[in-house]
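# A closer look at the structure
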Amino acid sequence: MTDRVDYLEAKRAVDDAALDREALATLSDRLPPEPVVLEAGAGTVTMVERLHEWGIVAGGRWVAVDADPEALRSGRERLLERAATPVGEPSPRRGGDTANGSNPADGTTTGRERDGDVPGFAPVRLGAIRVEFVVADVFEADAEGYLSGSLPDRDDLSGSPPDGVGRFDLLVGCAFFDLVDADRAVDALGGVADLVYAPITYDGETAFSPSDPADDAVLDRYRMHMEGHRDGSPEGATALSRAFDRAGWTCIHDGPSPWRIVPPYFEAERTVVTHVIETIEDAVGRTGFDASEWAARRRRDLANEALQYEAANRDLLFRR
Ligand SMILES: C[S@@+](CC[C@H](N)C(=O)[O-])C[C@H]1O[C@@H](n2cnc3c(N)ncnc32)[C@H](O)[C@@H]1O
């Protein structure tokens, strides 16, 4: 298996190219100077670094939540290697890798009972941004009221929250909302902020070229897996828009952010496509269809610098 952390790091360059700049401009216009941000499914915490480097977020507080401790740990280490500095000692926060509630077998957490010092996840300072790391299932964390408790010193950053405004200025979920049930996400997380940025939200189309005789069967089964074997929807962006609409929110931006990888590849692109082929082979296998020969041919095409891959994503912004 490709390493998930390596994949998330490699995906960053592909996201950089894909992200819809108009969505970022609209986001930038709507953020206060020192925003307090919750990122759900932050992975290796590339978004805050990107928005910092691109001059979109210059200060405030960024709370990165992910169920995968290895992803967060790796992201924290990368930030420290590049530009960030540690902030004080490990703070007594929920979340953790081996504390109660984690599952050492698969590296995920149950989102429960993780109070206490968590060595290795102390906040860091990236320029004027305080970045915090929370290992938790974001839904369980919210159900426990944890997220409201995570902002005790907001006044230090940006003054008192205005009346009626959520606890965070912004909720971010990059390549996250297509993995979860859209109504559940809006219901559980819509209350934490009045502005939501959902970039790289998959929206149903995966294409490889040149064509392979098994493409249709494999991609149909891949879709079947997304529909029936996991949370989320193959049309994740459309499902998210509808869920926010049902909840009375307004979509203020909806633009394309397609992944398009063509030869000659950068190394990161090769890693991403390798991971995608593996993900599809595995997902399709779970529906009872053997895609191993298809995957072998696609790996060979990749090795021969002859494979093009495209995935349709959308960058969405919602406000309450
Ligand atoms: C496709 S990755 C995207 C990571 C990162 N946002 C990025 O774009 O590079 C999705 C991430 O969401 C996390 N995730 C999925 N469901 C989650 C949940 N319920 N609570 C917390 N994290 C979750 C996974 O662990 C994974 O790191």
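As a starting point, this report considers the structure included with it. Fair warning: this is a prediction, and the values are worked out from it, not measured in the lab.

Moving on to the overall build of the chain. A count of helices and strands for the chain gives 12 helices and 12 strands. Here the chain, with 320 residues, has 46% of them falling under the buried criterion.

Bringing helix H3 (residues 46-53) into the picture now. Think of an α-helix as turning once every 3.6 residues; residues three or four places apart then point the same way. For H3, the buried fraction is high: 6 of the 8 residues fall into the buried class. Directly after H3, the chain includes Gly55, whose backbone phi takes a positive value near 75°.

Of all residues adjacent to the ligand, which total 20 residues, the nearest are Gly41, Gly43, Asp68, Val138 and Cys174. Looking at the shell around the ligand, the elements with two or more residues in it are helix H1 (4-18), strand E2 (59-66) and helix H5 (138-143). Taken together, the residues of the shell around the ligand sort by class into 13 nonpolar, 3 polar and 4 charged.

Topologically, Val218 is positioned in helix H9 (residues 215-228). A tally of 24 C-beta atoms within 10 Å means that Val218 is categorised as buried. Taking the C-alpha atoms as reference points, Val218 and Ala295, separated by 77 residues in sequence, lie 9.5 Å from one another. Residues within four places of Val218 in sequence aside, it is in contact with Ile280, Val284, Ala291 and Trp294.

Of all the 5 residues making up strand E1 (residues 36-40), 5 are buried; the element is thus mostly covered by neighbouring parts of the structure. Burial of E1 is two-sided: the residues Val36, Leu38 and Ala40 facing one way and the residues Val37 and Glu39 facing the other way are all buried. Relative to strand E8 (residues 170-172), E1 runs parallel, the two being bridged by 3 bridges. Opposite Leu38, over in E8, you have Leu171 as the bridge partner.

Rules of the game
Residues numbered from 1 in each chain as written. Predicted model: local features only at pLDDT ≥ 70, side-chain atom pairs only at ≥ 80, totals over all residues. Helix = DSSP H or I, 4+ residues; strand = E, 2+ residues; numbered from the N terminus. Buried ≥ 20, exposed ≤ 12 C-beta atoms within 10 Å, placed from the backbone. Near = placed C-beta within 6 Å. Nonpolar A, V, L, I, M, F, W, Y, C, P; charged D, E, K, R; others polar. Contact = placed C-beta atoms within 7 Å. Pairing = 2+ DSSP bridges.

By themselves, these observations are geometric and do not establish any function.
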